[in-house]
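For reference, the chains in residue letters:
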Amino acid sequence: MLHHERLRPPSHDYPADEWNVVEKGFHPEFLAQLETMLALGNGYLGMRGCPEEGGPCAENSTLINGFYETRPIVYGEDAYGFARTGQTIFNVTDSKIIKLFVDDEPFWLPGANLLNYDRRLNMKSGTLDRAILWETPSGKQVSIASRRLVSFAHRHVAAISYSVTVNEAASLVISSEMIANGQSASSDENDPRLAQGVAGRVLHPRTSYANDRRIVLCHATEKSQLAVTCAVDHVMETSCKHAYKAVNSDNFGQVAFTIEAKPGAAIRLTKFMVYHTSPTASLEELCGRAEWTIDRMVSLGFDQLLASQEQYVDDFWRRSDVLVEDIRPDRTQRTTVEIQQAIRFNLFHILQASARAEDAGVPAKGLTGRAYEGHYFWDTEIYVLPFLAYTSPRIAKNLLTFRYKMLPQARARARQLGHRGALFPWRTISGEEASAYYAAGTAQYHINADIMYALRKYVQATGDEQFLFDCGAEMLVETARLWLDLGFYSEAKGGNFCINSVTGPDEYNTVVNNNAYTNLMVRENLRYAVQTIETLRSTRPTAYVGLVDKTALEPSEPKAWARAAESMYVPYDERLKIIPQDDSFLDKEPWDFRNTPSDRYPLLLFYHPLNIYRKQVIKQADVILAMFLLGDAFSREEKKRNFEFYDPLTTGDSSLSSCIEAIVAAQIGDMDKAIRYGMAALLMDLADIGGNVKDGCHIASMGGTWMMLTYGLAGMRDDDGTLSFWPRRAPEDDAKLRFALTYRGQMLAVEVGADQVKYTLRKGDGLVIRHETEQIRLTPEHPAAVRPVSRIEEPAR
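All of these numbers come straight from a predicted model, not from anything done at the bench. (Residues numbered from 1 in each chain as written. Predicted model: local features only at pLDDT ≥ 70, side-chain atom pairs only at ≥ 80, totals over all residues. Heavy atoms only, no water.)

Draft legend 1. View of the overall build of the chain. A tally of regular secondary structure across the chain gives 19 helices and 32 strands. Over its C-alpha trace the chain gives a radius of gyration of 27 Å, about what one expects of a compact globule, namely 28 Å for 797 residues. Its C-alpha atoms give the chain principal-axis dimensions of roughly 85 × 60 × 60 Å. Considering the chain as a whole, with its 797 residues, one finds that 62% of them fall into the buried category. When contacts within the chain are restricted to residue pairs at least 6 apart in sequence, those whose partners lie at least 24 apart make up 68%. Just so you have it, the chain exposes about 29100 Å², and 49% of that area is on carbon and sulfur atoms. (Helix = DSSP H or I, 4+ residues; strand = E, 2+ residues; numbered from the N terminus. Rg over C-alpha atoms; globule rule 2.2 N^0.38 Å. Buried < 20%, exposed > 50% of the residue type's maximum accessible area, 1.4 Å probe, protein only. Contact = heavy atoms within 4.5 Å. Areas by Shrake-Rupley, 256 points an atom, 1.4 Å probe, with all protein chains shown as cover.)

Draft legend 2. Region of interest: helix α5 (residues 336-354). A rise of 1.5 Å per residue sets the reference length of α5, with its 19 residues, at 27 Å; its end C-alpha atoms lie 27 Å apart and thus fit the reference within 8%. Of all 19 residues in α5, 17 are buried, a share of seventy percent or more. (Expected span 1.5 Å × (residues − 1).)

Draft legend 3. Fine view of the side chain of Thr-62. Relative to the helices and strands, Thr-62 resides in strand β4 (residues 62-64). Under the relative-accessibility criterion, Thr-62 is labelled buried at 0%. Side chain to side chain, Thr-62 and Lys-96 meet in a polar contact 3.1 Å long. Apart from residues no more than four positions distant in its own chain, Thr-62 is found in contact with Leu-45, Gly-46, Met-47, Phe-90, Asn-91, Val-92, Thr-93, Asp-94, Lys-96 and Tyr-275. (Polar contact = N/O pair within 3.5 Å; in protein donor to acceptor, adjacent residues only side chain to side chain.)

Draft legend 4. Broad picture of the sheet that holds strand β29 (residues 756-763). Taken in spatial order, the five strands make up an open sheet running β20-β27-β28-β29-β32, and their pairing is antiparallel. Bordering the open sheet on either side are β20 (322-325) and β32 (784-788), each of which pairs with just one other strand. Mean inter-strand twist for the sheet, computed between neighbouring axes without regard to direction, equals 15°. Where β29 and β32 come together, five bridges link them in antiparallel fashion. Across the sheet, Tyr-759 pairs through a bridge with Ala-785, a residue of β32. (Pairing = 2+ DSSP bridges. Axes fitted to C-alpha atoms, helices over the stretch in contact; angles between N-to-C directions.)

Draft legend 5. A look at the nonpolar core. Counting residues in each nonpolar core, the largest one holds 228 residues, and the members touching the most others are Leu-100, Leu-172, Trp-378, Tyr-383, Leu-625, Ile-660 and Trp-706. Looking at which element gives the most residues to this core, the answer is helix α10 (residues 465-486), with twelve residues. Those residues within four positions of Leu-172 in sequence are excluded, and the remaining contacts are Leu-100, Phe-101, Val-102, Val-164, Val-166, Phe-257, Thr-258, Ile-259, Ala-261 and Ile-267. Within the second largest apolar cluster, 15 residues are counted, among which are Val-216, Cys-218, Val-274 and Leu-306. (Core = buried A, V, L, I, M, F, W, Y, C linked by side-chain atoms within 4.5 Å.)

Draft legend 6. Structural view of the side chain of Thr-136. Locating Thr-136 in the fold gives a position in the loop between β10 (127-135) and β11 (141-150). Once you skip the residues sitting within four places of it in the chain, Thr-136 turns out to touch Val-102 and Val-142.

Draft legend 7. How the structure looks around the packing of helix α6 (residues 379-391) against helix α7 (residues 393-405). Running from amino to carboxyl end, α6 crosses α7 at an angle of 140°, the nearest separation of the two axes being 6 Å. Considered as vectors, α6 and α7 are oriented oblique to each other. Residues Thr-380, Glu-381, Leu-385, Leu-388, Ala-389 and Thr-391 of α6 pack against Pro-393, Ile-395, Ala-396, Leu-399, Leu-400 and Arg-403 of α7. Here the residues of the contact of α6 with α7 are counted per class, giving eight nonpolar, two polar and two charged. (Parallel < 35°, antiparallel > 145°, perpendicular 65-115°, else oblique. Nonpolar A, V, L, I, M, F, W, Y, C, P; charged D, E, K, R; others polar.)

Draft legend 8. The packing of aromatic side chains, seen in detail. Applying the stated criterion to the full structure yields 27 aromatic pairs. On the numbers, 5.0 Å between centres and 90° between planes, the contact of Trp-591 with Tyr-607 is edge-to-face. Of this pair, Trp-591 sits in the loop between β23 (589-590) and α14 (609-613) while Tyr-607 sits in the loop between β23 and α14, and the two are 16 residues apart along the sequence. For Tyr-607, a relative accessible area of 21% corresponds to the partly exposed category. Summarising the aromatic geometry, the rings of Phe-628 and Tyr-711 are spaced 5.4 Å apart at their centres and angled 80° between planes, so their arrangement reads as edge-to-face. Of this pair, Phe-628 sits in helix α15 (residues 623-629) while Tyr-711 sits in helix α19 (residues 699-713), and the two are 83 residues apart along the sequence. Of the residues examined, Phe-628 reaches a relative accessible area of 6% and is grouped as buried. Seen from the ring of Trp-19, Arg-344 lies directly overhead, with NZ or CZ sitting 3.7 Å from the centre. Positioned above the aromatic ring of Tyr-489 is the side chain of Arg-563, whose terminal nitrogen or guanidinium carbon lies 3.9 Å from the ring centre. (Phe/Tyr/Trp six-rings, centres within 6.5 Å; stacked < 30°, edge-to-face > 60°. Lys NZ or Arg CZ within 6 Å of the ring centre and 35° of its normal.)

Draft legend 9. Looking closely at the pattern of salt bridges. Counted according to the given criterion, the structure contains 49 salt bridges. Its salt-bridge partner being Glu-23, residue Arg-119 comes within 2.8 Å of it at the nearest N-O pair. Of this pair, Arg-119 sits in strand β9 (residues 113-122) while Glu-23 sits in strand β1 (residues 20-23), and the two are 96 residues apart along the sequence. Residue classification places Arg-119 among the buried positions, given a relative accessible area of 7%. Since its relative accessible area comes to 2%, Glu-23 is described here as buried. Here Glu-774 and Arg-787 are joined by a salt bridge, their closest N and O atoms 2.9 Å apart. Taken together, the residues span a long stretch of sequence, with Glu-774 in strand β31 (residues 774-778) and Arg-787 in strand β32 at a distance of 13 residues. One network of salt bridges, in which partners are shared, links Arg-411, Arg-420, Glu-474, Glu-478, Arg-481, Lys-550 and Glu-557. (Salt bridge = Lys/Arg side-chain N within 4 Å of Asp/Glu carboxyl O.)

Draft legend 10. Region of interest: the sheet that holds strand β3 (residues 45-47). Taken together, three strands build an open sheet; the order of strands is β2-β3-β4 and the sheet is antiparallel. The sheet is open, and its two borders are formed by β2 (40-41) and β4, each paired with just one other strand.

Draft legend 11. Main features of the packing of helix α9 (residues 446-462) against helix α11 (residues 516-539). Contact pair α9 / α11: the axes reach a minimum separation of 9 Å and the direction vectors enclose 50°. With respect to α11, the element α9 is oriented oblique. Relative to α11, α9 is oriented so that their crossing is left-handed. On α11, the residues touching His-446, Asn-448, Ala-449, Asp-450, Met-452, Tyr-453, Leu-455, Arg-456 and Val-459 of α9 are Tyr-517, Thr-518, Met-521, Val-522, Glu-524, Asn-525 and Tyr-528. Taken together, the residues of the contact of α9 with α11 break down into nine nonpolar, four polar and three charged. (Left-handed = near helix turned anticlockwise from the far one by under 90°.)

Draft legend 12. Representation of the pairing of β1 within the structure. The alternating pattern of β1 places Asn-20 and Val-22 and Val-21 and Glu-23 on opposite faces, both of which are buried. Pairing analysis gives four bridges linking β1 to β9, with the strands arranged antiparallel. Residue pairing in the sheet places Glu-23 in a bridge with Arg-119 of β9.

The structure is reproduced here in structure tokens:
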């Protein structure tokens, strides 16, 4: 089930463009959505797409990944092992404010007479650009052009180039400001997905000072003990007579430029903004870091900063772009340009969420909004990391390294719950479990297997066995230990290994026995642990001894894991010939979709959990997700039967479903549903499918769109560690799909047409891939191969 697209501004004000998200008219009723869509970020620092003037705004957020405050989680009825401490990302100092006054009249968008308005997220340059022609009440025409960036090359840096030109002489004031502890928009919506507030002032002043056109503000949190320094500096370029004055206080800074503007004379202000954070650095050191960085930026200049941004983004598109040609609008209801724009919009926001996320994860909303409190979930490993592993493996490795550094806390959490091994937190920033609702939080033990699945995906795609042995093996040992401790051999299930009282990906069926997704993923986790330990023992004895020292691994443990994996219980219904989602799912009454009004979705906002839990209804793909992730374990017919059973029961309540359903629909040959669900995933944010893009982008769904295109339409497979392709295209579809993959240090270009596929080795010494059942070797001497799409059925393992 899919929700309909929400109301959008007039199409002529939002024209399709392959490289830009364009806004040609100011629509205050769509402020919140556009703040999300036009947000900038680099994975460390994020700024929502609010006007430079400081308003009007729905949520004027400037966010730093991993910078949070804590709060006690209060329960009406407490119990042992409940999470105790909430963690919430929040606004840091807002430094992007530049106000303009012409003859003492302020430029303010809602009341301005706009003769021209063009704002765009420029995905080729990595900037937010705005061009405005404003007619003042006195009839003067003022041209305002700004270009904002959050630097990829320089992690701590953002900058704005702000230019003004007048057609008549005028007195101008350009007031560059920064404010800490500004008010964030609060919501009275009863939506558990939104961020929780923190009582009282969050940022406590530590120091503030001004030096010429530079201002530095330093603050710290009270409970999490994190410090942030924000520094700004300015360069004014004009032939017009001008002066400036700087003022500062604990929570405010301003550099005001007064200018006697001449007709046609260029006035350009460059504002450099720098953020540094630390849990340990002294006040003097943190301020010093900020000043060192801003010294370098002023010396570098905006044009060079922009050039480095464009180079970084150009390199990203060279590795990551997915191109489409000859789309049939009668099938997709969208033109080729609209679809290309949506693809790039999704991929660009993944870049902005992850590029410089070093010693941090990828928040569910990236840094485009505060929903889900800036927490990291399993989304990263299952939906985002595959894209990164095949296009930006360094970033994928950073994210897995961040999980590895969480291992001490995961061990402590397992002990708290009475388990051996380690249990990674369901939602977190700091590494400590922050989910207050255990049924849909801590009970989702599958996160352990999800992280290990991502580890395996990364190692297979990159060949980085060193990381596997240095970090991955330790995580595999501890997760395998937890599974053996959590499960048991059940006589009632024929002596098979069972796992009870867990929640799978579908949060509408909680604390169940033998969730099929969990059991299947645990089996892969255990097998990979056994395989890795055996490889380490036989080929790297010194490293094996080191692992034994770190984990106290007993020789008998891998054998026990292997036995549990091979005895894993996977539910199966002989009558329906499907895999039940869990032991009790088929005993439930189906949800009455026919009599559920369309405005009562998502169900979690309108029905008590018990009303949902006792029915056959699915929030997000569960069994179907397992059939995609472990695709070679199931035949096409098995996938078809399960898809046809679960698809009608799956709501559109989660953004994580459409992309997965599109992939499996393509694999079973149902191209109408593959396109329908694929378009829903592709347009999740750009068309506001779920009605909540105002709260931030759905980063996991964005990763899912890449998987939908590559694994779904292009038929990419990598289950056994070998890159192979089984394209599934509708016979009447003439569209072309082109993309690149970085595979074990080499670059492969793939072009899928209606009748044939072309594989080209773009970079590397040689690569072996499979086209359907045929092995193909690509070399520098013979870099290309063309093969027909035969549409034969792919075998199950």
